Amino acid sequence: DGGITQSPKYLFRKEGQNVTLSCEQNLNHDAMYWYRQDPGQGLRLIYYSQIVNDFQKGDIAEGYSVSREKKESFPLTVTSAQKNPTAFYLCASSIRIIREANNEQFFGPGTRLTVL
Amino acid sequence: RKEVEQDPGPFNVPEGATVAFNCTYSNSASQSFFWYRQDCRKEPKLLMSVYSSGNEDGRFTAQLNRASQYISLLIRDSKLSDSATYLCVVNKVGSQGNLIFGKGTKLSVKP
């Protein structure tokens, strides 16, 4: 079955530790995205990548880092510099688009990160 | 004006009711519009794209009004299983592929 997987589903870390969230897709999508969602808030874009070995900052990139060494994988590291890391993290992917139209994104199940 | 704005609700309706959600967007150059559904503590899932001529999928009808820059979603004959948060989504003009998500409208369908 094609889809997007994220692991783990729940993650607990101590303050000051870096943590890496996994995101893998077998949809052959070129573009991948990371969002965070806080209670009662909309999704906010952290980083995105439109092609392997390339990625750009989203609206709230500070305190996060990513890599895109393989088309299928787009891991997100939450560093100790992120001041409020507790949130629901969602990874998404989409077919690479040439025009802006028809660029629906498909989401993984998310990782709930709690920093104690 | 916020980039994408929705009434947060909650909308509490009885089973069988018809309910409508509206959403406004700020950039008149936007070209792609979607409704996503998000269940509690789950990921958003694409419900339907919104086309210029309007489109229907079973009990769901989406409309786009470019002149007024708003999108609507109509749900007829509400089911208990329709209870969720509905996210209005618009493409971010000038950035290929990026989307802007509204905060969502919460729907609760009661027996």
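Cut-offs applied
Residues numbered from 1 in each chain as written. Chains lettered and ligands numbered in written order. Predicted model: local features only at pLDDT ≥ 70, side-chain atom pairs only at ≥ 80, totals over all residues. Heavy atoms only, no water. Helix = DSSP H or I, 4+ residues; strand = E, 2+ residues; numbered from the N terminus. Buried < 20%, exposed > 50% of the residue type's maximum accessible area, 1.4 Å probe, protein only. Contact = heavy atoms within 4.5 Å. Polar contact = N/O pair within 3.5 Å; in protein donor to acceptor, adjacent residues only side chain to side chain. Pairing = 2+ DSSP bridges. Axes fitted to C-alpha atoms, helices over the stretch in contact; angles between N-to-C directions.

A. Region of the structure containing the environment of Q69 of chain B. Residue and element names in this part refer to chain B. Structurally, Q69 can be placed in the loop between β7 (60–65) and β8 (70–75). On the basis of relative accessibility, which here comes to 13%, the residue Q69 falls in the buried class. Spatially, the C-alpha atom of Q69 lies 17 Å from that of N55, the residues being 14 residues apart in sequence. Filtering out sequence-adjacent residues up to four positions away, Q69 remains in contact with R1, C23, T24, Y25, S26, N27 and S28. For Q69, the side chain forms a polar contact with the main-chain oxygen of S26, separated by 3.1 Å.

B. Representation of the sheet that holds strand β7 (residues 64–66) of chain A in the model. Residues and elements named next belong to chain A. In spatial order, the strands read β1-β3-β8-β7; together these four strands make up an open sheet with antiparallel pairing. Each edge of the open sheet is held by one strand with a lone partner, namely β1 (4–7) and β7. Neighbouring strand axes in the sheet, compared pairwise and without regard to direction, differ in orientation by 20° on average.

C. Summary view of the side chain of R37 of chain B. All names here are of chain B. Position of R37 among the secondary structure elements: in strand β4 (residues 33–38). Separated by 2.6 Å, the side chain of R37 and the backbone oxygen of S81 make a polar contact. Among the polar contacts listed, one links the side chain of R37 to the backbone oxygen of S83, at a separation of 3.4 Å. Leave out the neighbours within four places in its chain, and R37 touches E43, P44, K45, L47, S81, D82, S83, A84, T85 and Y86.

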